[in-house]
Amino acid sequence: MLWHLEIRPANDQDDRQGRRLAGEASELGLPGPWSIEAGRGFLMEGDLDANDVRRAAEAVLADPVAESFVIEPVDRSNREAVSIVHVLPKPGVTDPEAESARSILTEMGFHVDQVRSIRTYRLKGPLEALPRLIRRVLANEAVEQAVVGALPFDRLGLGHPYRFQLVTVPIRAMDDEALLATSRQGQLSLNRDEMRAIQDHFRGLGRDPTDCELETIAQTWSEHCSHKTLKGRIELQAGDQHRVYENLLKETIFAATKELEKSGAIDWLVSVFHDNAGVIRFDDEHDVCFKVETHNHPSAIDPYGGSNTGLGGVIRDVLGTGLGAKPIANTDVFCVADPDMSPEDFPPGVIHPRRLLKGVVAGVRDYGNRMGIPTVNGALVIDPGYLANPLVYCGTVGVLPRGMSVKQVLPEDRIVAIGGRTGRDGIHGATFSSVELTSESEEVSGGAVQIGDAIVEKRVLDVIIRARDAGLFHAITDCGAGGFSSAVGEMGAELGAEVELTQAPLKYEGLSYTEIWISEAQERMVLAVPPDRLDALVKLCCEEGVEATDLGRFVPTGRLTLRYHDQVVGDLSMDFLHEGRPKVTRRALHQPVPFQEVSTASAGDLAADLLAILSTRDVASKEWIVREYDHEVQARTVIKPLVGVGEDGPSDAAVVLPVRGSTRGLAIACGINPRYGALDPYAMAACVIDEAIRNAVAVGADPARIALLDNFCWGNPERPETLGHLVRAAEACRDLSLAFRTPFISGKDSLYNEYVHEGKTRAIPGTLLISAIGIVPDVRRCVTMDLKGPGNFLVLVGVTRAELGGSLWAQVRGAAGGRVPRVEPADALTTFQRVHQAILRGWVRSCHDLSEGGLAVALAEMALAGDLGAVVELTKVPSDAEAKEHDVHLLFSESPSRFLLEVRPEYWPALAESLGTIQAAIVGEVVGGDPPRLTILSCTGSPLIDLSVSVLKSTWQRPF
Amino acid sequence: MAQPRALVLRAPGTNCDEETAHAWEKAGAAVEVLHVHRLLESPGYLASFQVLTIPGGFSYGDDLGAGRILAARLGALADVLRDFHERGGLTLGICNGFQVLVKAGLLPGRAIKATITHNDSGHYETRWVRLATHSGVGPFVVDDEPIELPSAHGEGKFLTASERDLTTLEAAGQVVFRYIDDQGRPTETFPANPNGSPRGVAGLCDPTGRILGLMPHPERFIDPLQHPQWTRRPSANEGDGLRLFRNAVAALR
């Protein structure tokens, strides 16, 4: 019998959900108004009568005070009004609530076989517009099904037995056209040369590959897993210079790190560029690691599920680093189109940026909060280029005991999978993320979207840390893109592996051996377990409620052998799998954008410009996001993302305490700015590296102990201009890393961020995210950016140049051209060092970096965070001659490597002396006042800006 | 007297066990963190402790409403929990632990039907709050000084089936913590009250005062460096949250 338990807010309770959805519909400009009553509930199947369902509802499913419920049998003959919509997860989509309900009800003695969660909406409104309401507001059809009226089924059957049949793909006999068709139809994302190489390999073997072998190769060779572009040969034409890279990453970013290490400039790297995350030494007993990943394509289709599993995935990267690190902080950066844009004129298949942003925030919130990892740092970037291709970056920092950073698989180690079960979810994620989105992507790739179950991963975390400390495994990695195929393939690359796919625990029946092998079901890890410790591991897993399954063993055969019911379904040479991919050669072209003077003639009311910049979503308060994240769980966060007298000012970076009981801290910061990239990718990369370091230094990190991550997100690299743009950014990473003696320790690229509709392509602006972790020697010396006391000096450190190219001022004024901010590495490094010394010595009451919006925005933010005023004279700003020509440069230029310090007058002489050759000057003073005001005087002494701090704040806090 | 023994009970999805154990240690207790499944296997083990703590997190994902599943599982321990309480044991539920205690019917007692439900804002909210404290019932709070603590939850609104029940609890001195505004007055208004709890209820105890639950996190304010404004203030010796743990330990010594 199938029952529908519908749960609604009790009569005296507010229907928040219904109101919120009706509000969203009107926000999105849908025909309306709608009145929506929202209910949640469960479909329950089993040997149950109405009384059983009632008892279950009262005992555990419905709230006895805040909710009421109704119980109805589900019957195909039900006649329900067309004004009722049910939304439920598509079959096979992870449904944690239903699984929890089934589990506890079974334990309580109810005869329940299957449960599915369901939401029910009763609607009043223009019913002819109902399909749009469903698609845009009520359901996400990538993962959910919506039913109008009565439910059209009376059982929850899921899956049916799988009948084994070995499938081979006759590629030996194929011509090029057939090879390409095979690749395309199978969503393999392999090109002609790659298909030919596979064909040659199997011709040599005298047989055709199985489907499973072909899939394994496709996963391993995907752009996502092998980074074939950036590790491939690139022929760059830049201006009239020609240069060839045999392996771009190795010759730029890795090379810089290796050189820094070799020269003895740094001696604190532990493991860089080969594990799931980069690892550095933290103190005598601990290392820390950091990784940032993207989950762009899945988030474009299902924002909530995409960011949810994006964060879940990068947390697993850290869990799978060394012998397992404990995650202690998360980061997230979102690049989207303007959330305030009109809901009209949308490309098909694209989600409105407002809904998208809310979805990705909710996804990060629900995974991070449930995992109990504080989300402490992030950024938001708005650009129309992200409309169809939003970027979703998620990062995780971990801590692990020293000596645990090395893993080694030994022959005869068992291959043990732990965590979630395998289902059909996420098939083809790796190959899917290596192609462009199209307006049909939602349909063809829905299977590549997954829903996470954070509590399963939390259990896995609990097990891994305990098993690590008990020495129960030799190596560990996560199941990410490509599922078991990538995890086992990578772990066994040096040895060989034998896998019995029948062993894998499945969510439901009916998966083929290939689906088991490549499924990207979430929350799974693979361990290499010595046979004599297998029992101990299984026992530990059992205690924590984690499923552990022996899938096979690592063997020194050099082969990856897959069996299903003892029959070989795949047998690949590890050498061919990992080394057999034909090297990719791509052409790159870089033409510098001709310099064009920015017109300052349009500069009028600079106070109005400041307010306009403060209200851009890039700069405006992200409090609405930050507060949805538990940024304090684990009780380590000592510099929070929100600081100041109202606990709502924008901190430059977060600082956490990785080791309880120690005051040694870790600063976490980032830099990103695609606007500069449009004019000069090299300058952009230099600036965002400078920004990430600057942010870390501003709170108290030691610039000699900062490590960086790169995340390149670009469009289709097969277009030479796109790749040339990226190559220039990579070259800047090498140069700045060397100049700052700041190593990159890990990175990731995501290419093909393009969207094709009716033959027209939209690419994202080339976007480089730099993330930084930096050691804070003693967090008691940390400073925040909020003004602290009237009478203190405001000291501007660093030179202001006429650099408005790509600035927010140019954007809000619609002014084209301008010089892109350029980093002077030697001066910048000295500046970082001297500012750090000043902070260490306690001379600095507050410190803020100057970035988007320049001096004016930095001043406004410091004032509104401290609820204090300031009087500043632009004539005192250290600047070059060109910048002095117009106040607009002094106010809004985004020259890098600058800090604004609040200093007690008695410390100024010592600070001035310590800064030495670095240009710095007292530009003004902190003032009280009721109400406090920010006053900025022009070079001629007239007040350019004179605004009350409350106006600055309310503008900056523009509601989302 | 011997060092009191505190049990920190964790379940799948509990995520504040480590800092809660740290807080008890700092306050002078000997701490053990135990998985609830171990306690379900050996319920008698609870008898070796003087304090039971259910820390924050998302026990079993809060999949059926905050704290609901762990509360249901604790049903199997009803007898040992009653014994524990009757022989003077102290029980502290923080955030998810508070939700569990209410949903298990251990709070507020007096056969009053109550729940903790979604914040009025409809979403999860992390922010520091100021709390008025009410001493008199039970050992956890010994003065009426206001304190500051961080709160972080999506379901923190305390509801009783009737207004009268809440009045009864107030009259009995069971409302130990209330959200207060700038003026120090109990408030139902966001953001000083992050969830819209009627009459500002942030935490309460049973009639004996030996079972206490609260939404904000005392274990996250043990050290002054954990305060969001420590860079603005003269340095303090310890965080407000530590007092609660110290008071409990003092009462048991």
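Just above, that's the structure.
Definitions and limits used
Residues numbered from 1 in each chain as written. Chains lettered and ligands numbered in written order. Predicted model: local features only at pLDDT ≥ 70, side-chain atom pairs only at ≥ 80, totals over all residues. Heavy atoms only, no water. Helix = DSSP H or I, 4+ residues; strand = E, 2+ residues; numbered from the N terminus. Rg over C-alpha atoms; globule rule 2.2 N^0.38 Å. Buried < 20%, exposed > 50% of the residue type's maximum accessible area, 1.4 Å probe, protein only. Contact = heavy atoms within 4.5 Å. Areas by Shrake-Rupley, 256 points an atom, 1.4 Å probe, with all protein chains shown as cover. Lys, Arg positive; Asp, Glu negative; His and termini not counted. Charge placed at Lys NZ, Arg CZ, Asp CG, Glu CD. Buried area = accessible area lost by both parts, 1.4 Å probe. Salt bridge = Lys/Arg side-chain N within 4 Å of Asp/Glu carboxyl O. Polar contact = N/O pair within 3.5 Å; in protein donor to acceptor, adjacent residues only side chain to side chain. Nonpolar A, V, L, I, M, F, W, Y, C, P; charged D, E, K, R; others polar. Pairing = 2+ DSSP bridges.

K.L.:
Quick question: what am I supposed to make of the overall build of chain B here?
P.N.:
Within chain B, the regular secondary structure consists of 7 helices and 11 strands. Its C-alpha atoms give chain B a radius of gyration of 17 Å, near enough to 18 Å, the size a compact globule of 253 residues would have. Counting every position in chain B, which comprises 253 residues, the buried fraction comes to 64%. Nonlocal contacts in chain B, meaning residues at least 24 apart in sequence, comprise 75% of its contacts between residues at least 6 apart. As displayed, chain B offers around 8,600 Å² of accessible surface, 48% of which is attributable to carbon and sulfur atoms. Of the side-chain charges in chain B, 25 are positive and 29 negative, and the distance between the mean point of each set is 2 Å.

K.L.:
Sorry, what's going on with the interface of chain B and chain A here?
P.N.:
Many descriptions give the size of an interface as the accessible area lost when the pieces come together. Listed as interface residues are 53 residues of chain B and, on the opposing side, 59 residues of chain A. Across the chain B to chain A interface the summed buried area is about 4,700 Å²; carbon plus sulfur atoms make up 49%. In terms of surface lost to chain A, no three residues of chain B exceed B:Leu64, B:Arg68 and B:Arg232, which account for 15% of the buried area on that side. Run the count over chain B and chain A and you get 11 salt bridges. Notably, a salt bridge pairs A:Arg660 with B:Glu18, separated by 3.1 Å at the nearest N-O pair. At the surface where chain B touches chain A, the tally comes to 32 residue pairs in polar contact (both at pLDDT 80 or more). Counting residues per element, the ones that place at least two in the side of chain B that touches chain A are helix 1 (17-27), helix 2 (36-41), helix 3 (68-74), strand 5 (114-117), strand 6 (125-133), strand 7 (147-153) and strand 8 (157-160) of chain B. Residues that form the side of chain B that touches chain A fall into these classes: 18 nonpolar, 19 polar and 16 charged.

K.L.:
Got a minute to help me understand the environment of A:Arg102 in this structure?
P.N.:
Residue and element names in this part refer to chain A. With respect to the helices, strands and loops of the structure, arginine 102 is situated in helix 3 (residues 96-107). The partly exposed category is assigned to arginine 102, whose relative accessible area is 28%. Considered as a pair, arginine 102 and valine 112 are 10 residues apart in the sequence and their alpha carbons are 6.6 Å apart. With sequence-adjacent residues up to four places away left out, arginine 102 is seen in contact with Val112, Asp113 and Val115.

K.L.:
Please explain the pattern of salt bridges as it appears in this structure.
P.N.:
Should the charged atoms of two oppositely charged side chains come close, the side chains can pair. Applying the stated criterion to the full structure yields 79 salt bridges over all chains. Where A:Glu544 meets B:Arg10, a salt bridge forms, and the shortest distance between an N and an O atom there is 2.5 Å. A residue pair is termed interchain when its members come from two chains, as with A:Glu544 in the loop between helix 18 (534-543) and strand 20 (548-554) and B:Arg10 in strand 1 (residues 5-10). Note on accessibility: A:Glu544 and B:Arg10 belong to one class, buried.

K.L.:
Can you walk me through the pairing of strand 6 of chain B in this structure?
P.N.:
Consecutive side chains of a regular strand alternate in pointing toward one face of the sheet and then the other. All names here are of chain B. Within strand 6, 7 of the 9 residues are buried, leaving the element largely enclosed by the surrounding structure. Here strand 6 runs beside strand 7; their pairing, made up of 7 bridges, is antiparallel. The residue of strand 7 that forms the bridge with threonine 126 is alanine 152.

Purely spatial values, then, with no claim about function.
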